[in-house]
Amino acid sequence: MNRQRMVATTSSTIGYCEPPDTSTLELAQVARNDAGIIVIGAGPVGMRFTHDLLARKPQLAVHLFGDEACKPYNRIQLSALLAGEINRDDIDLPLPALGNHPNFQFTSSAIVEIDRERKTVTDSSGTRFHYHKLVLATGARAHIPNIPGIERQGVFSFRSLKDTESLYARILRSRHIVVVGGGLLGLEAAKGLLKFNTSVTVVQQSSRLMNRQLDEQAAALLEVEVRALGIDVITHSGVRSVEGFEHVTGVITRDGETIHCDTVLFCTGITPNLELARKARIPVGTGILVNDQMRTSDPDIFAIGECCEHLGVTYGLVNPGYEQAAVTAEIIANEPQENLPCYLGSMAISHLKVVGTSVCSLGEISELPSRPFQKELQYFDKPSGAYRKLVLLRGKIIGAVAIGNWPESRRVQEAYQNARKIRFWHLLRFYLTGTLWGKGGDDIGNWPSGTIICQCNNISYGALSSAIANNCSTLPELQDRTRAGTVCGACKPLLQQLLGVAGMERESGAATLTAGALLAIALVVLLAFWPEAKVADSVQQQGWFEGIWNDKFWKQVTGFTLLALTAIGSLMSLRKRLSWRWMGKFSGWRLVHVSLGVLCCITLVLHSGFHLGSNLNQLLIVNFLAVLLMGAFTSGAIGLGHKLRTGAAQDARKSMQWVHIIVSWPLPVLLALHILTVYYY
């Protein structure tokens, strides 16, 4: 099922909403929210739902509640904030603009009670708000294991902005920090804590890092990268207790080892926030139980994100929450219509940057059951450290994992999601080179329109192409319109490739290329349509031009010159095909190649006298003109690429190059036949 997302664009900021303290204001607020939508939770999923819903119904009354004393922010980027890679303002999530959505409200206040019979919610100040539909996006909190010593000073969790600020202040006086948990959050936190000569040790209970996303070999390679940063790693262990009196002095691992430290950070997973639902007698399991329309047992109350449980699964990733938000927004916006969308579950897909290393994981990758027609293929490039693994069942990808840059990873994801058949020659190429589709596999222009480019926001290649066609010509504009690349930022290189940023840069020698192309085109047109030169009635009336094209000696000179120029031009094309770096920069040889094309045009004029000939000679000259013309068009596309419409430069350049190559193939055969007929027959 295709789920199209529309995201409201806003750049406004809204001040914090103070809770009313009079009954008059309370009645006014209740009236304003009558038959409106209340969203509890201003995290990424709650914000996404709000934007999606208002994009569909801009005038709808929507009241968003957040329980932190700050504006909504993107908690996914807290590790980058801790590491000092971004500023505090960079993690803010934009609220819907009041100019476009006059009935939107944001209140920084915790909701403490839901009255399902009266259809009201009550905040921490005792103020009640009426709802028509209620959406619970309460998220989750950090899970802290129940072990001795967790109450001591120096024990932290890492889930909120307040946690991040506390940790940042702690780094200044900490000498050794133990991070409990070797998952994504723990590793990112460990990297962020490497400041001011602070020692960091990661303790992982499992036998490998990121055991849910990586197999043994991938985890081993990642561990090498983590250790290279100066982080010590202990696996197949765990923390049994936190030692000290008032302050932390160390931890004792499960195998009895003592690690002396002054700070302990727990990154041991999350626990869904279910208290509101329980108090309102809404059924819960691991999360708040929902059906395929994200409804709880109360049809007017929905739950999305980390707090909900669908078909026995509670997702701990942001992308499933975004998918749930889109489905819920579509349902609420279109009720009571029939054939409303359903949420069918999400696939386990991760494209991450872990301690600066690209990590890709999707589907089944470890502890695989034994099944007929199942196979595993691995590729490891030792010099670069790139590791890739595919798991296939009956020729279809059911799992993949990679450490290091994998340009084809998004296309592999698309093949996995759509159960595309992988042919044996693709598998052979993967075994030999680590790629399934060769050099064209990382060219986004070759990908199907349904390929997911921005996994965090579930934005497809087709949706991005549509936005670009509607005048999104820069990366900020594309991000603002589609929200692609605004969460983890891992897909920004793909967005730049899609925008044609590389092709839009001015090529070296662009002006010369363009001038040469225009001159060559003019000469080709002149050759094709200029009247044939006339033969003089006598030698005395013969001009200099006829003395060249109609003289046997000069005919041979120009003919062999033309043949030499053509041969040199063909050999020069090997500079690109074979990457012969000893020949110098390709941009310089390309200018020489264009100059040879212009010289060929001039020489052909002198050789033929504008006579196209007949039969084989005519076929030869027409083919020669086609080669020159397509070469000129290719040069023009390269030279003017920085001025063309976004994305068009690469398409034009690629298509012209292919046509130029195709029409060049008959030329050597025709030249050989021409020489044979002139000199031997």
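Our structure's up above, just so we're on the same page.
Keep in mind that what you see is a predicted model, and the values were worked out from it rather than measured. Each chain has its residues counted from 1, running along the sequence as written. The predicted nature of this model means local features are confined to residues of pLDDT at least 70 and side-chain atom pairs, given and counted, to a pLDDT of 80 or more, with totals for whole chains, interfaces and linings taken over all residues. Excluding hydrogens and water, the side-chain figures rest on all heavy atoms present in the structure.

Q: Describe helix α10 (residues 424–433), with residues and values.
A: Every buried residue of α10 is listed here: H426, L427 and F430. Relative to the axis of α10, the buried residues are bounded by an arc of 100° and lie together on one face. Set apart from the buried face of α10 by more than 90 degrees, the exposed residues are F424, Y431 and L432. The contact criterion used throughout is that any non-hydrogen atoms of two residues lie within 4.5 Å. Starting at the N terminus, helices and strands are each numbered in turn, a helix being any DSSP run of H or I of at least four residues and a strand any DSSP run of E of at least two. Looking at the packing, one finds that the buried side of α10 touches β23 (374–381) and β24 (386–393). Downstream of α10 by a residue or two, G434 has a phi angle that is positive, lying close to 85°. Any residue under 20% of the maximum accessible area for its type is buried, any over 50% is exposed, and the rest in between are partly exposed; the area is computed with a 1.4 Å probe on protein chains only. The arc in question is the one traced by the directions running from the helix axis out to the C-beta atoms.

Q: Run through the packing of aromatic side chains, naming residues and quoting values.
A: In this analysis, rings of Phe, Tyr and Trp, with Trp reduced to its six-membered ring, are considered paired at centre separations within 6.5 Å, and the interplanar angle assigns stacked below 30 degrees, edge-to-face beyond 60, and tilted for intermediate values. Summed over the entire model, instances satisfying the criterion amount to four aromatic pairs. Seen from their ring centres, W406 and F430 are 6.3 Å apart, and the 45° between their planes marks the pair as tilted. One end of the pair, W406, is in the loop between β25 (396–403) and α9 (409–417); the other, F430, is in helix α10, with 24 residues separating them in the sequence. Judged by relative accessible area, which is 0%, F430 ranks as buried. Centroid distance F424 to W425: 5.0 Å. Interplanar angle 80°. Geometry classified as edge-to-face. Take F424: its relative accessible area is 64%, and that puts it in the exposed class. For W425, a relative accessible area of 44% gives the class partly exposed. Across from the ring centre of W437, 4.4 Å away, lies the NZ or CZ of R411, which sits over that ring. In this analysis the charged atom, NZ for Lys or CZ for Arg, is taken to sit over a ring once it is within 6 Å of the ring centre and within 35 degrees of the ring normal.

Q: Talk me through the environment of Q378; I want residue IDs and the actual numbers.
A: Relative to the assigned elements, Q378 resides in strand β23. Residue classification places Q378 among the partly exposed residues on the basis of a relative accessible area of 40%. Spatially, the C-alpha atoms of Q378 and A402 are 9.6 Å apart, while their sequence positions differ by 24 residues. Excluding its chain neighbours within four sequence positions, the residues that come into contact with Q378 are D215, Q217, Y387, R388, K389 and F430. Reaching out from Q378, the side chain makes a polar contact with the side chain of Y387 at a distance of 3.0 Å. The definition of a polar contact used here is a pair of N or O atoms within 3.5 Å, where within protein one atom must be able to donate a hydrogen and the other to accept one, and adjacent residues in sequence count solely through side-chain atom pairs.

Q: Just give me the short version of the environment of R394, but keep the residues and values in it.
A: Mapped onto the fold, R394 is located in the loop between β24 and β25. In this structure, the C-alpha to C-alpha distance between R394 and F373, residues 21 residues apart in sequence, is 5.3 Å. Excluding anything up to four places from it in sequence, R394 contacts F373 and K421.

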